Amino acid sequence: MNIIQCTFCKRPFASIGGKVCPACLEQIDQDFITVRDYIYEHKHSNIDLIAEETEVSKQKIMYLLKEGRLIIDSPDGEGGGLLHCEMCKKSISTGRLCKDCMGKVATSMDRNVGGQKKTESKTPEQNLKSSAKIK
Ligand SMILES: [Zn+2]
Ligand SMILES: [Zn+2]
(Lines give C-alpha, C1' and ligand atoms only; values in the text may rest on other atoms or scores of the structure.)
(Ligands and ions follow the chains in the order given, each with its own letter.)
Protein backbone atom coordinates (compact mmCIF):
# COMPACT_ATOMS: atom_id res chain seq x y z
CA MET A 1 0.00 0.00 0.00
CA ASN A 2 1.22 3.50 -0.88
CA ILE A 3 0.55 6.85 0.70
CA ILE A 4 -0.27 9.20 -2.14
CA GLN A 5 -1.99 12.53 -2.57
CA CYS A 6 -5.64 12.49 -3.60
CA THR A 7 -6.22 13.95 -7.08
CA PHE A 8 -9.18 15.96 -5.89
CA CYS A 9 -8.80 17.05 -2.26
CA LYS A 10 -4.96 16.87 -2.23
CA ARG A 11 -4.97 15.06 1.10
CA PRO A 12 -2.60 12.14 1.52
CA PHE A 13 -4.22 8.74 1.85
CA ALA A 14 -3.32 5.06 1.75
CA SER A 15 -3.95 3.94 -1.80
CA ILE A 16 -4.65 0.43 -2.94
CA GLY A 17 -4.16 1.45 -6.56
CA GLY A 18 -6.40 4.44 -7.22
CA LYS A 19 -5.47 8.12 -7.15
CA VAL A 20 -8.59 9.26 -5.34
CA CYS A 21 -9.22 8.99 -1.59
CA PRO A 22 -12.26 7.09 -0.28
CA ALA A 23 -14.04 10.28 0.80
CA CYS A 24 -13.72 11.78 -2.68
CA LEU A 25 -14.70 8.50 -4.31
CA GLU A 26 -17.90 8.54 -2.32
CA GLN A 27 -18.53 12.13 -3.37
CA ILE A 28 -17.78 11.24 -6.98
CA ASP A 29 -20.27 8.38 -6.86
CA GLN A 30 -22.95 10.89 -5.92
CA ASP A 31 -21.76 13.38 -8.50
CA PHE A 32 -21.76 10.62 -11.07
CA ILE A 33 -25.47 10.01 -10.53
CA THR A 34 -26.18 13.73 -10.75
CA VAL A 35 -24.21 14.13 -13.98
CA ARG A 36 -25.49 10.90 -15.50
CA ASP A 37 -29.09 11.95 -14.92
CA TYR A 38 -28.37 15.38 -16.34
CA ILE A 39 -26.80 13.94 -19.49
CA TYR A 40 -29.70 11.53 -19.80
CA GLU A 41 -32.14 14.42 -19.90
CA HIS A 42 -29.95 16.79 -21.89
CA LYS A 43 -28.33 14.80 -24.62
CA HIS A 44 -25.71 16.61 -26.67
CA SER A 45 -24.73 18.83 -23.79
CA ASN A 46 -21.22 20.16 -23.46
CA ILE A 47 -19.02 19.85 -20.44
CA ASP A 48 -19.12 23.55 -19.52
CA LEU A 49 -22.88 23.48 -19.38
CA ILE A 50 -22.95 20.22 -17.47
CA ALA A 51 -20.48 21.53 -14.89
CA GLU A 52 -22.49 24.72 -14.50
CA GLU A 53 -25.89 23.07 -14.24
CA THR A 54 -24.91 20.17 -12.00
CA GLU A 55 -22.32 22.08 -9.93
CA VAL A 56 -19.95 19.17 -10.41
CA SER A 57 -16.44 20.33 -11.29
CA LYS A 58 -15.15 19.76 -14.81
CA GLN A 59 -12.21 17.91 -13.30
CA LYS A 60 -14.59 15.36 -11.81
CA ILE A 61 -16.58 15.05 -15.01
CA MET A 62 -13.38 14.45 -16.96
CA TYR A 63 -12.36 11.85 -14.41
CA LEU A 64 -15.65 10.02 -14.86
CA LEU A 65 -15.30 10.22 -18.64
CA LYS A 66 -11.81 8.78 -18.55
CA GLU A 67 -12.94 6.04 -16.24
CA GLY A 68 -15.47 5.19 -18.91
CA ARG A 69 -18.37 5.71 -16.53
CA LEU A 70 -19.79 8.69 -18.37
CA ILE A 71 -20.31 9.17 -22.07
CA ILE A 72 -20.86 12.60 -23.53
CA ASP A 73 -22.51 12.46 -26.92
CA SER A 74 -22.02 15.45 -29.13
CA PRO A 75 -24.01 16.21 -32.29
CA ASP A 76 -21.21 14.78 -34.41
CA GLY A 77 -21.12 11.68 -32.23
CA GLU A 78 -17.49 12.07 -31.24
CA GLY A 79 -17.63 13.43 -27.74
CA GLY A 80 -17.24 17.06 -28.81
CA GLY A 81 -13.46 16.87 -28.83
CA LEU A 82 -13.28 16.49 -25.06
CA LEU A 83 -11.47 13.20 -24.99
CA HIS A 84 -8.94 11.85 -27.41
CA CYS A 85 -7.73 8.35 -27.96
CA GLU A 86 -4.37 8.00 -26.24
CA MET A 87 -3.00 6.11 -29.22
CA CYS A 88 -4.36 7.65 -32.43
CA LYS A 89 -5.67 10.97 -30.97
CA LYS A 90 -9.05 10.48 -32.55
CA SER A 91 -11.93 12.16 -30.75
CA ILE A 92 -13.81 9.71 -28.52
CA SER A 93 -16.81 9.98 -26.23
CA THR A 94 -15.64 7.85 -23.30
CA GLY A 95 -12.65 6.01 -21.87
CA ARG A 96 -9.04 6.36 -23.01
CA LEU A 97 -8.88 4.57 -26.33
CA CYS A 98 -11.10 4.47 -29.41
CA LYS A 99 -12.70 1.20 -30.40
CA ASP A 100 -10.13 0.60 -33.14
CA CYS A 101 -7.21 1.00 -30.77
CA MET A 102 -8.88 -1.01 -28.04
CA GLY A 103 -9.10 -3.82 -30.56
CA LYS A 104 -5.44 -3.37 -31.42
CA VAL A 105 -4.37 -3.35 -27.80
CA ALA A 106 -6.31 -6.52 -27.19
CA THR A 107 -4.66 -8.28 -30.12
CA SER A 108 -1.18 -6.95 -29.33
CA MET A 109 -1.58 -8.16 -25.75
CA ASP A 110 -2.36 -11.58 -27.13
CA ARG A 111 0.75 -11.38 -29.27
CA ASN A 112 2.91 -10.12 -26.44
CA VAL A 113 2.20 -12.93 -24.07
CA GLY A 114 5.89 -13.85 -24.40
CA GLY A 115 6.79 -10.70 -22.45
CA GLN A 116 7.94 -8.50 -25.34
CA LYS A 117 7.25 -4.82 -24.88
CA LYS A 118 5.30 -2.77 -27.39
CA THR A 119 6.93 -2.24 -30.75
CA GLU A 120 3.95 -0.52 -32.29
CA SER A 121 5.06 3.10 -32.47
CA LYS A 122 4.03 3.24 -36.11
CA THR A 123 0.44 2.26 -35.50
CA PRO A 124 -0.90 5.66 -34.37
CA GLU A 125 0.53 7.40 -37.45
CA GLN A 126 -0.97 4.88 -39.78
CA ASN A 127 -4.25 5.31 -38.07
CA LEU A 128 -4.07 9.11 -38.31
CA LYS A 129 -3.43 8.88 -42.02
CA SER A 130 -6.31 6.55 -42.65
CA SER A 131 -8.72 8.66 -40.58
CA ALA A 132 -7.55 11.81 -42.38
CA LYS A 133 -8.40 10.20 -45.70
CA ILE A 134 -11.93 9.46 -44.59
CA LYS A 135 -12.53 13.12 -43.79
ZN1 LIG B 1 -9.78 13.17 -1.75
ZN1 LIG C 1 -7.44 5.21 -31.32
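Computed from a predicted model, the values in this text were never measured in an experiment. (Residues numbered from 1 in each chain as written. Chains lettered and ligands numbered in written order. Predicted model: local features only at pLDDT ≥ 70, side-chain atom pairs only at ≥ 80, totals over all residues.)

## Considering the overall build of the protein
Working step 1: A tally of helices and strands in the protein yields 5 helices and 4 strands.
Working step 2: Listed by position from the N terminus, the elements making up the protein come as β-β-α-α-α-β-β-α-α.
Working step 3: When burial is assessed residue by residue, the protein has 16% of its 135 residues classed as buried.
Working step 4: Considering only contacts in the protein between residues 6 or more positions apart, those separated by 24 or more positions represent 29%. (Helix = DSSP H or I, 4+ residues; strand = E, 2+ residues; numbered from the N terminus. Buried ≥ 20, exposed ≤ 12 C-beta atoms within 10 Å, placed from the backbone. Contact = placed C-beta atoms within 7 Å.)

## Things to note about the pairing of strand β2 (residues 12–15)
Working step 1: By the bridge criterion, 4 bridges tie strand β1 (residues 2–5) to β2 in an arrangement that is antiparallel. Across the sheet, Ile4 pairs through a bridge with Phe13, a residue of β2.
Working step 2: With antiparallel pairing between neighbouring strands as the criterion, β1 and β2 make up a hairpin whose turn holds 6 residues, including Lys10 at a positive phi of roughly 65°. (Pairing = 2+ DSSP bridges.)

## Comments concerning the nonpolar core
Working step 1: Membership of the largest hydrophobic core comes to 19 residues, with the highest contact counts inside it found for Val35, Ile61, Leu64, Leu65 and Leu70.
Working step 2: At the level of secondary structure, the elements contributing two or more residues to this core comprise α1 (22–41) and α3 (58–66).
Working step 3: Here this core spans two domains, since at least three of its residues come from each of domain 1 (24–72) and domain 2 (79–109 + 123–135).
Working step 4: Setting aside residues up to four positions removed in sequence, Leu65 forms contacts with Leu70, Ile72, Leu82, Leu83 and Thr94. (Core = buried A, V, L, I, M, F, W, Y, C linked by C-beta atoms within 7 Å. Domains from an automatic or database assignment.)

## What to know about the packing of α1 against helix α2 (residues 47–54)
Working step 1: Packing of α1 against α2 leaves a shortest axis separation of 10 Å and a crossing angle of 120°. Put simply, α1 runs oblique to α2. Here the hand of the crossing between α1 and α2 comes out right-handed. Of the residues in α2, those touching α1 at Thr34, Val35, Tyr38 and Ile39 are Ile50, Glu53 and Thr54.
Working step 2: Of the residues that constitute the contact of α1 with α2, the class distribution is 4 nonpolar, 2 polar and 1 charged. (Axes fitted to C-alpha atoms, helices over the stretch in contact; angles between N-to-C directions. Parallel < 35°, antiparallel > 145°, perpendicular 65-115°, else oblique. Left-handed = near helix turned anticlockwise from the far one by under 90°. Nonpolar A, V, L, I, M, F, W, Y, C, P; charged D, E, K, R; others polar.)

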